[in-house]
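Residue-level structural notes
For reference, the chains in residue letters:
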Amino acid sequence: TTHTTVMALLDGTRTSPDPQGEAYALLLAEYCRHYHRIMPFMFQPEGDYTELLLPADLLADTSVLTAAVTTLTPEVCHDVEVIGWLYQFYISERKDEVFAGFKKNKKAGATEIPAATQLFTPHWIVRYLVENSLGRLWMLNNPDSRLVEQMDYYIPPVDVETDFLRISSPEDIKIIDPACGSGHMLTYAFDLLYSIYQEEGYAPSHIPELILSHNLYGTEIDPRAGALAAFALTMKASAKRKLFLKNPVEPNVCVLDPILFGADELSYLVTKGGDRCAEEAFWNQFADADTLGSLITPDLALINYLARHLETIDDDGDMYKADALDWARKVIRQAEFLEPRYAVVVANPPYMGAKNMGSSLAEFAKREFPRSKSDLFAAFIERSLTLGRSGSFAGLVTMHSSISLSTFEKLRDRRLSTTSVKGMAHLGTRAFDSIGGAVVATTAFVLTNRPSASAGVYLRLVDGENEHEKSQLLLGAIADPGSAIRFVRTNVWFRYVPGSLLSYWLSDALVAAFAKGKPLAALTPPRNGLQTSDNGRFLRFWWEVSRDRTALPLSTNIDLYGDRRWFPYNKGGEYRRWYGNQLHVVNWEKDGAEVRR
């Protein structure tokens, strides 16, 4: 047994060049086998190939283990979110490789997307999103709830709301993170749900199992991240109930596997008399699941229909058919995860521009998400709205380009017409301390997928220089309804802004001008003036050149000037109250022949 071997190594009765190292490796492997019985999604069974990959220098001063023991103090390990930070840095070298490839015009495929898009969300942003989606939904249904006392980032509605999703019990609240990473959003949702169940009088010993069975769902394309999310939720549950690991409940975290069936397999997976084309498409919809992830939208009419058909198929003792049926059941399970059954959708979705997408992903985005094909995060905004029930909440942190770039105008139009924005924290740059400089500019927002006339609260946090400053600005604006960085806006308000820009910081007077006035474009299209692209070569001050070769007085008939070379040029300049800045002339001899060349 392992015990006998370890004791023999330590007391010297079994010789080894490194008895302590070998004993430690044996114990570590035994612990992994033990935890496999409890958490098979995280730990591999006995004899798995990963046992061969144990480093030989585990106890050396320079080993990963020593670094972990030194860095991961008990205080650090007290919070389960350390798992997410560990994984972000675990993949950091791979992330650098992928971004270096982008500079060489390489495209992202299934093996590059996870590393390129993994970004651990700071806890204060998570709290803002979860408290103003899950927390808000509970408070609307239970106005007297004391849950509000523990939600520091919660912003109460500014209007009386009567049109909201009705919840009869905590078990009705299904929450999904469709790009869950290591599960940071879900672990904080666990905390709020635990308080909700407690408030409703549920026995504390039953609450962890109920939350993992009924409330929390996550999907991922990265198997390691998905396993860590399930592990993190298991740790949350075991922290609340000491005996949880005696009879654990596996968290509802689904790593979306790529599944493709051939013609022979499809011949018995499709029904007789059904729509063969639609059914074959259903069974093979996850062929690129490791690239498309939860952007895949299953045909809802076929999920239950084909699930029932699957129960009628027997493998007839055929090992290959039995394997195909197992994969078919996996298709049904993955499709069920992506049904629109959720009350809350929360996510920090992947950010990736179309220029870095592989061909299959880019073509899929163009076909299925034409309004948001320019970036993955935009496609996830749309998908989040269809994952929820009518009136569900969606809380996401995305690139802030979606609120202003013309690329996303159609997406903004859809949001303003089909959703109700409940709030937005405009984070700007430097909201992620793990990303240096002004690389990523973001905004966090909460909306429902049902339009309403109620107003949302917009908070302008762009001046904060780091996570701490922004979180303090956020808390200050929440506490002070009259804060200068706090704006209350309805969807209709933005309709008057050209391009449906979400320019919440504009004054009412300016928006009224847009509403009442006539745009310049309605009279004449504005154009750039002359741009020489080399002012040092083509421009002079008027006193630097010969008056005889200067075109004055100016006429629109260029032919009048013969060999005149220098023409008056309005370039702008410093402030002049009434008139001025008539300083420059441009070389426009022979109708600007040299400039044109």
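Residues numbered from 1 in each chain as written. Predicted model: local features only at pLDDT ≥ 70, side-chain atom pairs only at ≥ 80, totals over all residues. Heavy atoms only, no water.

Turning our eyes to something else, we now look at the overall build of the protein. Tallying secondary structure elements over the protein gives 25 helices and 12 strands in all. For the protein, the spread of C-alpha atoms along the principal axes amounts to about 105 × 65 × 60 Å. Out of the 597 residues belonging to the protein, those deemed buried represent 47%. For the protein, restricting intrachain contacts to residue pairs at least 6 apart in sequence, the fraction spanning at least 24 positions comes to 70%. Accessible area of the protein: about 30700 Å², with a carbon and sulfur share of 53%. (Helix = DSSP H or I, 4+ residues; strand = E, 2+ residues; numbered from the N terminus. Buried < 20%, exposed > 50% of the residue type's maximum accessible area, 1.4 Å probe, protein only. Contact = heavy atoms within 4.5 Å. Areas by Shrake-Rupley, 256 points an atom, 1.4 Å probe, with all protein chains shown as cover.)

Moving on, we come to the sheet that holds strand β3 (residues 252-255). Read across the sheet, nine strands follow the order β3-β2-β1-β4-β5-β7-β6-β8-β9 without closing on themselves; strand pairing throughout is mixed. Where the open sheet ends on each side, the last strands, each with one partner, are β3 and β9 (486-489). With direction set aside, neighbouring strand axes in the sheet form an average angle of 15°. Where strand β8 (residues 456-460) and β9 come together, four bridges link them in antiparallel fashion. (Pairing = 2+ DSSP bridges. Axes fitted to C-alpha atoms, helices over the stretch in contact; angles between N-to-C directions.)

Attention now goes to the confidence of the model for the protein. When pLDDT is averaged across the protein, the result is 90; 98% of the residues are at 70 or more. Across the protein, strand β1 (residues 175-177) holds the top mean pLDDT of 98, while helix α7 (residues 113-117) sits lowest at 72. (pLDDT = per-residue confidence, 0-100.)

With that settled, consider the environment of Q20. Take Q20: it is sitting in helix α2 (residues 19-38). What Q20 contacts, discounting residues up to four positions off in sequence, is L10 and L59.

Bringing the environment of E30 into the picture now. Secondary-structure assignment places E30 in helix α2. A relative accessible area of 33% means that E30 is categorised as partly exposed. Taking the C-alpha atoms as reference, E30 lies 9.6 Å from H3; in sequence the two are 27 residues apart.

Further remarks concern the sheet that holds strand β10 (residues 539-541). Strand order in the open sheet formed by three strands is β10-β12-β11, with antiparallel pairing between adjacent strands. Strands at the two margins of the open sheet, each flanked by one partner only, are β10 and β11 (566-569). Adjacent strand axes in the sheet meet at a mean angle of 40°, parallel and antiparallel pairs treated alike. Two elements, β10 and strand β12 (residues 584-587), share three bridges in a ladder whose sense is antiparallel. Bridge pairing links F541 to H584 in β12.

In terms of nonpolar packing, the biggest core is built from 151 residues, with L134 and W283 touching the most fellow members. Here this core takes 11 residues from helix α8 (residues 123-141), the largest share from any one element. Contacts of W283, omitting those with residues within four sequence positions, involve I259, F261, L266, L269, V270, L306, L310, A328, V331 and I332. Counting nine residues, the second largest nonpolar core, distinct from the first, contains L539, Y561, Y569 and W588. (Core = buried A, V, L, I, M, F, W, Y, C linked by side-chain atoms within 4.5 Å.)

Before going further, it helps to spend a moment on the packing of aromatic side chains. Scanning all chains against the criterion turns up 19 aromatic pairs. Taking the centre distance of 4.8 Å and the plane angle of 85° together, the rings of Y197 and Y202 count as edge-to-face. Take Y202: its relative accessible area is 24%, and that puts it in the partly exposed class. Ring geometry for Y351 and F377: centres 6.2 Å apart, planes at 85°, overall edge-to-face. Taken together, the residues Y351 in the loop between β4 (342-347) and α17 (359-368) and F377 in helix α18 (residues 376-387) connect sequence positions 26 residues apart. Pair check on accessibility: Y351 and F377 agree, each one buried. (Phe/Tyr/Trp six-rings, centres within 6.5 Å; stacked < 30°, edge-to-face > 60°.)

For β8, the tally of buried residues reaches four of five residues, placing the bulk of the element in the interior. In terms of strand pairing, strand β6 (residues 420-429) meets β8 through four bridges, oriented parallel. Residue A425 lies in a different strand from β8, and its bridge partner there is L459.

On to the packing of α18 against helix α19 (residues 409-418). As a packed pair, α18 and α19 sit with axes 11 Å apart at the nearest point and diverge in direction by 25°. With respect to α19, the element α18 is oriented roughly parallel. The chirality of how α18 crosses α19 is left-handed. Counting all contacts with α18, which are made through A378, I381, E382, L385 and T386, the residues of α19 involved are L411, R414 and R415. (Parallel < 35°, antiparallel > 145°, perpendicular 65-115°, else oblique. Left-handed = near helix turned anticlockwise from the far one by under 90°.)

Attention now goes to the pattern of salt bridges. All told, the structure shown has 23 salt bridges when counted by the stated rule. Between E368 and R367 there is a salt bridge whose closest N-O contact spans 3.2 Å. A relative accessible area of 43% places E368 in the partly exposed class. Residue classification places R367 among the exposed positions, given a relative accessible area of 55%. For E574, the salt bridge identified is with R576, shortest N-O distance 3.8 Å. According to the relative accessible area criterion, E574 is exposed, its value standing at 57%. Here the salt bridges share partners, and the residues they tie into one network are R537, R549, R565, E589 and E594. (Salt bridge = Lys/Arg side-chain N within 4 Å of Asp/Glu carboxyl O.)

Here the amide bond leading from L552 into P553 is cis, since omega sits at -10°, within 30 degrees of zero. Considering the arrangement of structural elements, one finds P553 in the loop between β10 and β11. Even without glycine at this site, S500 takes up a positive phi of about 55°. Tracing the backbone through its elements, the reader meets S500 in the loop between α21 (491-495) and α22 (508-516). Owing to a relative accessible area of 7%, S500 belongs among the buried residues under this scheme. At N581, a position not held by glycine, the phi torsion is positive, near 60°. Inspection of the secondary structure puts N581 in the loop between β11 and β12.

Our next topic: a nonpolar patch on the surface. A contiguous nonpolar patch, built from V492, Y496, L510 and F514 and spanning about 370 Å² of accessible area, is present on the exposed surface. Within the element layout of this structure, V492 appears in helix α21. (Patch = residues over 30% accessible without salt bridge, like charges linked within 9 Å, V, L, I, M, F, W, Y side chains within 5 Å.)

Turning to the packing of helix α13 (residues 276-283) against helix α15 (residues 300-311), a few remarks are in order. It is the contact of α13 with α15, at a shortest axis distance of 11 Å, that shows an interaxial angle of 85°. Classified by the angle between their axes, α13 and α15 sit roughly perpendicular to one another. Residue-level contacts link A278, E279, F282 and W283 of α13 to L302, I303, Y305, L306 and L310 of α15. Here the contact of α13 with α15 is built from residues that sort into eight nonpolar, no polar and one charged. (Nonpolar A, V, L, I, M, F, W, Y, C, P; charged D, E, K, R; others polar.)

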